[in-house]
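The lines below spell out each chain.
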Amino acid sequence: LYARSTDPEVLAKCQDGGVVSTMIVHGLETGTLKGAVAGDVFPDNRQVGRHKLAKTKDEVLSCAASRYTYAPNTLALQEAMRQDVGPIAVVGVPCQVDGVRLQQHSSIRMGMSNWYRDNISLVFGLFCSESFTHESIEKLGEILEVDSKKIDNINIKGKDVVRMDDGEGLGVSLKKFREFARP
């Protein structure tokens, strides 16, 4: 099944189809969700990931699009628990989703496990083929002879396609960059 958002705001921010963002925004607008745990970036360096508890459409859209560096998304679960924001969606790569599911079914820390079971109503597992360190993004900047902080987006589609913050698109051989992937 192939799907694509029809929301122009989502399409302007998303990487591929914007389906995850659209479903979360729909949940927020209908009241079936009160928030979403997702990965965001720092405004001054769009390749450095950070966690976010998104509770509005604008916050969800700030998290849209793929990043190939690690973002500790699940740290936002602590914020959701402290604020008792639920029901929520969780967006993560397989290792993060596995951790959420293990915690939901754990009997070690019952209070946390119960909260996870009662409040996480939707989990989106994103595909993950590889990720890169922040240092490897700096190396990509060196390869392309650009300031790595000006890299707005990376899209790996058989080759590494880089969009700069001024909209310029650059390409680099994925084979050349793959050596910097995390093991």
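Everything numeric in this text was worked out from a predicted model, so none of it was measured.

**Q** Please explain the pairing of strand E2 (residues 45-54) as it appears in this structure.
**A** For a regular strand, side chains alternate in direction, first toward one face of the sheet and then toward the other. As paired strands, strand E1 (residues 35-42) and E2 are joined by 7 bridges and run antiparallel to one another. Each bridged residue has a counterpart across the sheet, and for Ala-38 the counterpart in E2 is Lys-52. Connecting the antiparallel pair E1 and E2 is a turn made up of 2 residues.

**Q** Please clarify how the sheet that holds E2 should be interpreted in this entry.
**A** Backbone-to-backbone hydrogen bonds join strands into a sheet, with any given pair of strands oriented parallel or antiparallel. The sheet built from 4 strands is open, its strands ordered E2-E1-E3-E4 with mixed pairing. The open sheet has two free edges, formed respectively by E2 and strand E4 (120-125), since each of these has just one partner strand. Sheet twist, expressed as the average angle between the axes of neighbouring strands with direction ignored, equals 25°. Pairing geometry for E1 and strand E3 (residues 88-92), over 3 bridges, is parallel. Among the inter-strand pairings, Ala-36 is bridged to a residue of E3, identified as Ala-89. In the packing of helix H6 (residues 110-119) onto the sheet, the strands contacted are E3 and E4, and the crossing angle to E4 comes to about 80°.

**Q** Explain the confidence of the model for the protein chain to me, please; I cannot follow it from the model alone.
**A** Low-pLDDT stretches of the model should not have their predicted coordinates read in fine detail. Per-residue confidence for the protein chain averages 87 on the pLDDT scale, and 98% of its residues sit at or above 70. Per-element averaging of pLDDT across the protein chain places helix H8 (residues 174-178) at the bottom with 73 and helix H2 (residues 19-30) at the top with 97.

**Q** Can you help me understand the packing of aromatic side chains in this one?
**A** Here a ring pair, both rings aromatic, is described through the centre-centre distance and the interplanar angle of the planes. Following the criterion strictly, the structure yields 1 aromatic pair and no others. Judged by centre distance (6.2 Å) and plane angle (70°), the ring pair of Trp-115 and Tyr-116 falls under edge-to-face. The same class applies to Trp-115 as to Tyr-116, namely buried.

**Q** Sorry if this is basic, but what is going on with the side chain of Gln-96 here?
**A** Following the sequence through the fold, Gln-96 ends up in helix H5 (residues 94-104). If we skip the residues at most four places from it in the chain, Gln-96 touches Tyr-70, Ala-71, Pro-72, Asn-73, Thr-74 and Val-91.

**Q** Hey, could you run me through the layout of surface pockets in this one?
**A** Left-over empty space is what a probe sized like a water molecule reveals as it rolls over the atoms. The calculated volume of the largest pocket comes to roughly 1,400 Å³. If you go around the largest pocket, you meet 44 residues; those closest to its centre are Asp-16, Ala-65, Ser-66, Leu-126 and Phe-127. Looking at the lining of the largest pocket, the elements that each hand over two or more residues are H2, E1, E3, H5 and E4. Of the residues forming the lining of the largest pocket, the biggest block, 4 residues, is contributed by H2.

Rules used in this analysis
Residues numbered from 1 in each chain as written. Predicted model: local features only at pLDDT ≥ 70, side-chain atom pairs only at ≥ 80, totals over all residues. Heavy atoms only, no water. Pairing = 2+ DSSP bridges. Helix = DSSP H or I, 4+ residues; strand = E, 2+ residues; numbered from the N terminus. Axes fitted to C-alpha atoms, helices over the stretch in contact; angles between N-to-C directions. Contact = heavy atoms within 4.5 Å. pLDDT = per-residue confidence, 0-100. Phe/Tyr/Trp six-rings, centres within 6.5 Å; stacked < 30°, edge-to-face > 60°. Buried < 20%, exposed > 50% of the residue type's maximum accessible area, 1.4 Å probe, protein only. 1 Å grid on protein atoms, 1.4 Å probe; cavity = no way out; pocket = protein on both sides within 12 Å on 5 of 7 lines; lining within 4 Å. Points joined across faces, edges and corners; volume = space filled by probe spheres on them.

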